[in-house]
Amino acid sequence: MSTKQDDELAQERLVELAAEFYDQFASGEVPHMDIPTRTKSNIVFDEDSKVWVYGDRTSTRSANSVRGARKLLKAAYAIEFLVNQLEESRSSTLRELYYLSESWDNEEAQFNSQDESNQLIEDLEIVSKVTREDFHMRPEESGATLMGPLELREQTRRGEREIHCQKDVGEGGYQIPNNPDTIDFLDHTIDFVLCVETGGMRDRLVENGFDEEYNCLVVHLKGQPARATRRITKRLHDELDLPVVVFTDGDPWSYRIYGSVAYGSIKSAHLSEYLATPEARFVGIQPEDIVEYDLPTDPLADSDVNALESELEDPRFQTDYWTEQIELQLDLEKKAEQQALASRGLDFVTDTYLPERLSSMDVV
């Protein structure tokens, strides 16, 4: 749940947007809404903050065309819905919003697809400078979890509850809520945060007691991490001064998972400084591991090769380390999963691989 102050700010910003439309009508001006152009060409890597942000180019949603007028009409209906939702202290999912529009009295305001309604919510986030979490909008459950020596206080509709993320949870861990800013960190004995791409590897680490032996908080990214997962990771680093390392498969798409944790993603560039942790370090499967440990592999597909070549030009990977590893992988023409470490035994990852890698990085 958001705080009352957050709710009031979100309502205020939304009402201001609606009032701006009204003022434009009243002054004889064609109603419009300006937002940053959300294309790859308008995403820039900010060297100071080390995250992706939007550039200076903007797009205009204007009622001077039928298509533009429909977009503004849908925005007005969505704003009204969100303000009412906040006033009633209710919440809804992005999927529900898409279906809810079917009940709106003006058929022109109804969404044609969920992609359209999702994009509108992102537009409103950008223009209002308020996150969708503060609109009480949530995605379908991501299922991402925490496991480790962290005690926290969570705000729920049934009041506050205190939870220890080892002692008070089952093997599945503590599920990260949609809005991690409702969590207070009470106490911890964490030495570092380990973000893990796959559920199978997360389960292996927990079963082997890695979180207990190394005072590690294991964060299951569940593939490409949801916003809530990236937000709580950033808070753990910033507020508790904890090192963050990201453990993924050894392929270009997994490197981008690391990149989204560390530097943000193109899709959520307007929230990079809120979600990204530039200090996060990569501890995933390296191309050199394929050689050193003779890991089982799969051949690189054409799409993998194209992605790796693109990453050689990506500002997020402009270091000697990444250049060396990516070029090695292109030479090897191979990729490997985290679970490939099991070819050396089920305990190899927790007894040898991670301890050695983390020690070499001065994390343990």
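Refer to the structure presented above.
Below or above, wherever it landed, is the structure these notes cover. This structure is a prediction, so every number in the text was calculated from the model and none was measured.

**Focus: the packing of aromatic side chains**
- By the definition in use, this model includes 16 aromatic pairs.
- Between the aromatic rings of Tyr258 and Tyr263, the centroid separation amounts to 6.1 Å while the plane-to-plane angle is 80 degrees, which identifies the pairing as edge-to-face.
- Measuring from centroid to centroid gives 5.8 Å for Tyr293 and Tyr353, while their planes differ by 70 degrees, and the two rings are edge-to-face. Remark: Tyr353 occurs in helix H13 (residues 348–360) and Tyr293 occurs in the loop between helix H10 (287–292) and strand S16 (298–299); sequence separation between them is 60 residues.
- Judged by relative accessible area, Tyr353 falls into the buried class, the value being 0%.
- Three or more aromatic residues joined by ring pairs form one cluster here, namely Tyr255, Tyr258, Tyr263, Phe282, Phe317, Tyr321 and Trp322.
- Note that Arg235 overlies the ring of Phe185, its terminal NZ or CZ placed 4.6 Å from the centroid.
- Its end group placed over the ring of Phe348, Arg344 keeps NZ or CZ at 5.0 Å from the ring centre.

**A look at helix H8 (residues 252–263)**
- Here H8 is twelve residues long and its end C-alpha atoms lie 16 Å apart, about the 16 Å a rise of 1.5 Å per residue gives.
- Every buried residue belonging to H8 is among Pro252, Ser254, Tyr255, Ile257, Tyr258, Gly259, Ser260, Val261, Ala262 and Tyr263, and all of these are buried.

**Topic: the layout of surface pockets**
- Taken as a whole, the largest pocket holds about 900 Å³ of empty space.
- Along the walls of the largest pocket sit 39 residues, with Arg230, Ser265, Ile266, Lys267 and Ser268 positioned nearest its centre.
- Every element with two or more residues in the lining of the largest pocket is listed here: strand S3 (51–54), helix H3 (94–100), helix H4 (114–128), helix H7 (227–240) and H8.
- Ranked by residues supplied to the lining of the largest pocket, first place goes to H4 with six residues.

**Re the state of the cysteines**
- Per the stated rule, a full pass over the model turns up zero disulfides.
- Here Cys195 stays unpaired: no disulfide links it, and the sulfur of Cys216, its closest cysteine neighbor, is 9.2 Å away.
- Note on Cys195: relative accessible area 0%, which makes it buried.
- Using a relative accessible area of 0% as the deciding quantity, one classes Cys216 as buried.

**Describing empty space enclosed by the protein**
- Throughout the structure, instances matching the rule amount to one cavity of 30 Å³ or more.
- Space inside the largest cavity adds up to approximately 100 Å³.
- Mapped onto the lining of the largest cavity, the elements with two or more residues apiece are helix H2 (66–87) and H4.
- Tallied by class, the residues present in the lining of the largest cavity amount to five nonpolar, one polar and five charged.

**Brief notes about the side chain of Arg61**
- Locating Arg61 in the fold gives a position in strand S4 (residues 58–62).
- Within the structure, Arg61 has its side chain in polar contact with the side chain of Asp123 (distance 3.4 Å).
- The residues touching Arg61, leaving out its near neighbours within four places in the chain, are Pro31, His32, Met33, Ile35, Lys71, Leu72 and Asp123.

**Comments concerning the environment of Asn306**
- Summarising the element assignment, Asn306 is placed in helix H11 (residues 302–311).
- Overall, Asn306 belongs to the partly exposed group, its relative accessible area being 49%.
- Spatially, the C-alpha atoms of Asn306 and Ala342 are 29 Å apart, while their sequence positions differ by 36 residues.

Quick notes on the rules
Residues numbered from 1 in each chain as written. Predicted model: local features only at pLDDT ≥ 70, side-chain atom pairs only at ≥ 80, totals over all residues. Heavy atoms only, no water. Phe/Tyr/Trp six-rings, centres within 6.5 Å; stacked < 30°, edge-to-face > 60°. Helix = DSSP H or I, 4+ residues; strand = E, 2+ residues; numbered from the N terminus. Buried < 20%, exposed > 50% of the residue type's maximum accessible area, 1.4 Å probe, protein only. Lys NZ or Arg CZ within 6 Å of the ring centre and 35° of its normal. Expected span 1.5 Å × (residues − 1). 1 Å grid on protein atoms, 1.4 Å probe; cavity = no way out; pocket = protein on both sides within 12 Å on 5 of 7 lines; lining within 4 Å. Points joined across faces, edges and corners; volume = space filled by probe spheres on them. Disulfide = S-S within 2.5 Å. Nonpolar A, V, L, I, M, F, W, Y, C, P; charged D, E, K, R; others polar. Polar contact = N/O pair within 3.5 Å; in protein donor to acceptor, adjacent residues only side chain to side chain. Contact = heavy atoms within 4.5 Å.

Just geometry here; none of it tells us what the structure is for.
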